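# Residue-level structure breakdown
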There are 2 protein chains.
Amino acid sequence: MAHFPNTKGFTDTLRPIRMECDILDLELEGGVPTQLSGTFHRVHPDAQFPPRFENDQFFNGDGMITLFRFRNGKIDLKQRYAQTDKFKVERKAGKSLFGMYRNPLTDDDSVKGMIRGTANTTPIVHAGKLFALKEDSPPLIMHPLTLETEGYSNFGGRMQNQTFSGHPKIDPITGNMCNFGYAAKGLLTRDVSYMEISPAGELLFETFFEVPYYCMMHDFGLTQDYAVFHIVPCTGNWERLKAGKPHFGFDTSLPVYLGVLPRHGTAKDIRWFKAPKTIFASHVMNAYNEGTKIYFDIPEAEGNCFPFFPDINDAPFDAKAARPFLKRWVVDMASKKDEFESITQLTTMIDEFPRIDERYMGLPYRHGWMLVMDPDKPFEGPGARASGFRMNNIGHIDIATGKTDAWYCGPQSIIQEPQFIPRHKGSGEGDGYIIALVDNLVTNYSDLCIFDALRLPEGPIGRAKLPFRMRSGLHGTWADESKLPKQ
Amino acid sequence: MAHFPNTKGFTDTLRPIRMECDILDLELEGGVPTQLSGTFHRVHPDAQFPPRFENDQFFNGDGMITLFRFRNGKIDLKQRYAQTDKFKVERKAGKSLFGMYRNPLTDDDSVKGMIRGTANTTPIVHAGKLFALKEDSPPLIMHPLTLETEGYSNFGGRMQNQTFSGHPKIDPITGNMCNFGYAAKGLLTRDVSYMEISPAGELLFETFFEVPYYCMMHDFGLTQDYAVFHIVPCTGNWERLKAGKPHFGFDTSLPVYLGVLPRHGTAKDIRWFKAPKTIFASHVMNAYNEGTKIYFDIPEAEGNCFPFFPDINDAPFDAKAARPFLKRWVVDMASKKDEFESITQLTTMIDEFPRIDERYMGLPYRHGWMLVMDPDKPFEGPGARASGFRMNNIGHIDIATGKTDAWYCGPQSIIQEPQFIPRHKGSGEGDGYIIALVDNLVTNYSDLCIFDALRLPEGPIGRAKLPFRMRSGLHGTWADESKLPKQ
């Protein structure tokens, strides 16, 4: 009796989909470059059952993983739920047992102590496995091609940390998967660990440290020598959970920090640089260091970007202050002062979901892509986006020149996070393709669009047409054929 | 490289879907009566690969079977291709090998002699198996609950006939599945066989006879004593196939007949009654006999209903003449004249896809339901329906009083064939539910709507909401829990 509530997270453009499906050889318009051989995995939250609380929010849905399998100019689609422990016990019960987003106090007694993860944030291939990630839990391991779930991993007992963020980064030099986990020693704790996992899947080391205060640490920056952590005051505590408030609330009284940990250092080596004012930032475009100087590029907003994690003092949500712009934060480990050296705005485009040519992860780089909101463009779709944002462009920035360009998806559509794919192994930075789901909110069809990455304004060179609209998702990753298990 | 042609059968509301999928516990609005326990199978044509000929038509698509599994007030959805021999050999090749609709002259040499069936017309449960049917082929056997394909059956070698129509009828008294096959001894032959299959799945007998001329025999009538065959001049011949014309063409120079075969008779017992003029008719609502007098209820049109099977002399399609109205044809086996006794119009509703309470199959009955086109109702959807029709009402007729009522689906939608389900085993005729897919052509979502069968105008009492629009289908059937294999 799946009666979903008539609330924001389950209606209009966020109506449930909950569909596992297969389509062989997706219908195409235009072409798919035949050399594109590999997988694009992405995920959206999609509650298996109606929530226990009708005001439950989007981010709490069970992870539905989509696999676009590219081969020989064809694309096959496969979509399956990540079978988390939560998913399995709820499927058996035929209803939700876990309660609100990151609030175990709202769970059914029968699931106390279980891992609450939904694996709904990022799927990424490493060491021949698909890591389906949610920042509050260990990695869930799935098969990259069949999407069958193996279960949670702690790297053969080597990972002491209880969590694994949704934004690991593959170091292009070592091939290590570098990641961190926050609330590493338990819910709401200030403990964080930084980890590196070898290309073979072995946890090489794990370093624990403490952050200035507990907050949402959704992403981080990786450079060749440092792991870099931005601390923004999207905070939580037991009082909030006991009161049934959202896990996170925005506290403008708290400072913003950038923490810098030498990649082979320990807690004593970390330095905390304080930002000149309280700001909001979430996804990192890229970071790199030149000696002791660290460059950290991130869309930054003056105020809270998340209306569903409201101000702790009930200040009204300020949609204008929530507009992020890509900025460059600079700090210097040789500096005597624990302050930012500079913050520079890189573009006037309102942008989020920044992506790069990941062969340049942690290295000096030139090209970035992101979702862009152009508020002056007309909108013909129904209702309003839950976030207040409508990402209607894919933007590109040439960091070297500051030049930007973009492709506009038209008045009926929104765009999901873009993904860069190199044209071939030896191609230069940015020489390749951007793929992104474009969701028409009127016809309720999605197309996976393929662009020449440096010629976005020319529009898609190919479209794989889906016979349904994909639910709004979080993140996706590309894995080249060489990274996949043999089928 | 699935590039579909930009032609009528593959664009607009007929764009390909090709999606195998599962949704557990469909999202509901309103309620599903908890006593509804069983399966609703339906099918639509959905070409696995782009056609070999771009003007190929809708009816030639591979059968995609949808299972709505009703249990405990919940409905699960499962959708799978019927894995016909054609489907399997084409999947292996990664492309279409079979050519135009019922024209083997257009096939790739590699598939010469193979069964060309698509299993895209009717799925029906009998003897614990799902029969996935297409009138040009033997029955394809599938599992009713897993939708796994076993393969074609000839009833253990007992069926000599090469075909099995998409409109078998379960005799409510004997439980036999009664059916016929035309072109029974080969493509375009005038041979027809009538068969009955026991509730255990055994072919009890098979009687061959010849029809006056080869034509599309899509359906038939069953009474307690007779099998009744309407012959309308939707004809075909080798010259058409050699010329690459559609298999069928409408020939207004040919007479229309009603053939009556005693159910345990042989070819010598059949009588052919001639209609007063040439008309078109396809789906039978019901038939019954009182002694030698036979009542045969069928939507009848003055002219050809199928624009895709055009007039053999290229007369333009006449949409007005194509409007069918439910009529009652009466013939008498005791009559000395080989003519109809009467034709009576039963309603002024433009109707097709007639259905009944199947506990009254072949028996005197009172209640009928059908799709109804009300041309005066507004339409806000895109493009035009391929057939020129837009079925925008479900209609009900009380045959005893002539009274009709209907439910209108609104200006954006169309409705697929309705299905009657008794409220419970002992309920009176018509006391039960109508279910039907309602497809919104603007939002591209379908709802499986549940109505009180005798209170259609009150609208759905429940809706199971699909996250996509179901492709327009042909036929469906309900199987009560008692007819299903144990899972």
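Check the entry above for the structure.
Presented here is a report on the structure given in the accompanying data block.

Thresholds applied
Residues numbered from 1 in each chain as written. Chains lettered and ligands numbered in written order. Predicted model: local features only at pLDDT ≥ 70, side-chain atom pairs only at ≥ 80, totals over all residues. Heavy atoms only, no water. Helix = DSSP H or I, 4+ residues; strand = E, 2+ residues; numbered from the N terminus. Rg over C-alpha atoms; globule rule 2.2 N^0.38 Å. Contact = heavy atoms within 4.5 Å. Areas by Shrake-Rupley, 256 points an atom, 1.4 Å probe, with all protein chains shown as cover. Lys, Arg positive; Asp, Glu negative; His and termini not counted. Charge placed at Lys NZ, Arg CZ, Asp CG, Glu CD. Core = buried A, V, L, I, M, F, W, Y, C linked by side-chain atoms within 4.5 Å. Buried < 20%, exposed > 50% of the residue type's maximum accessible area, 1.4 Å probe, protein only. Buried area = accessible area lost by both parts, 1.4 Å probe. Salt bridge = Lys/Arg side-chain N within 4 Å of Asp/Glu carboxyl O. Polar contact = N/O pair within 3.5 Å; in protein donor to acceptor, adjacent residues only side chain to side chain. Pairing = 2+ DSSP bridges. Axes fitted to C-alpha atoms, helices over the stretch in contact; angles between N-to-C directions.

Per the secondary structure count, chain A includes two helices and 33 strands. In summary, chain A has a C-alpha radius of gyration of 21 Å against a globular reference of 23 Å for 487 residues, a match within 12%. Within chain A, counting contacts between residues at least 6 apart in sequence, those at least 24 apart form 62% of the total. Accessible surface for chain A amounts to roughly 17200 Å². Of this, 50% is attributable to carbon and sulfur atoms. When the 55 basic and 60 acidic side-chain charges of chain A are each reduced to a single mean position, those positions are 2 Å apart.

Right, let's talk about the nonpolar core for a bit. Y182(A), Y194(A), F209(A), M217(A) and F229(A) are the most contacted members of the largest nonpolar core, which totals 51 residues. Aside from chain neighbours lying at most four places away, what touches F209(A) is R190(A), D191(A), V192(A), Y194(A), F229(A), L261(A), A267(A), I270(A) and W272(A). Residues F59(B), Y182(B), L241(B) and A301(B) belong to the second largest nonpolar core, which totals 50 residues.

The next point concerns the interface of chain A and chain B. At the interface, 36 residues of chain A touch 36 residues of chain B. For the pair chain A and chain B, the summed buried area comes to about 3100 Å², and 48% of that belongs to carbon and sulfur atoms. A per-residue breakdown of the area chain A buries against chain B is headed by M1(A), R15(A) and E27(A), which together make up 20% of the total. Here chain A is connected to chain B by zero salt bridges. Counting the contacts that link chain A with chain B gives 20 residue pairs in polar contact (both at pLDDT 80 or more). Listed by contribution, the elements that provide at least two residues to the side of chain A that touches chain B are β1 (20–23) and β2 (27–30) of chain A.

The strand order across the open sheet built from 10 strands is β33(A)-β3(A)-β4(A)-β5(A)-β1(A)-β1(B)-β5(B)-β4(B)-β3(B)-β33(B), with neighbouring strands paired in antiparallel fashion. Edge positions in the open sheet fall to β33 (476–480) of chain A together with β33 (476–480) of chain B, since each of these has one partner strand only. Across the sheet, the mean angle from the axis of one strand to that of its neighbour is 15°, orientation sign disregarded. Where β1(A) and strand β5 (residues 74–81) of chain A come together, three bridges link them in antiparallel fashion. Of the residues in β5(A), the one forming a bridge with I23(A) is L77(A).

Moving on, we come to unusual backbone geometry. Of note, A119(A) is a non-glycine position whose phi angle comes to about 55°, a positive value. Turning to its location among the elements, A119(A) is positioned in the loop between α1 (85–93) and β6 (122–126). Despite not being glycine, A127(B) shows a phi value in the positive range, around 55°. With respect to the element layout, A127(B) can be found in the loop between β6 (122–126) and β7 (129–133).

Residues and elements named next belong to chain B. Taken together, the four bridges between strand β2 (residues 27–30) and strand β32 (residues 462–465) define a ladder with antiparallel strand orientation. The residue of β32 that forms the bridge with E27 is K465. Here strand β31 (residues 446–452) runs beside β32; their pairing, made up of four bridges, is antiparallel. Paired with D447 across the strands is K465, a residue of β32.

All names here are of chain A. Within the structure shown, the criterion is met by 64 salt bridges over all chains. With a closest N to O distance of 2.8 Å, E358 and R355 form a salt bridge. A residue is classified by how much of its surface remains accessible, and R355, at 8% relative accessible area, is buried. In this structure, a network of salt bridges that share partners links the residues D22, K78 and R80.

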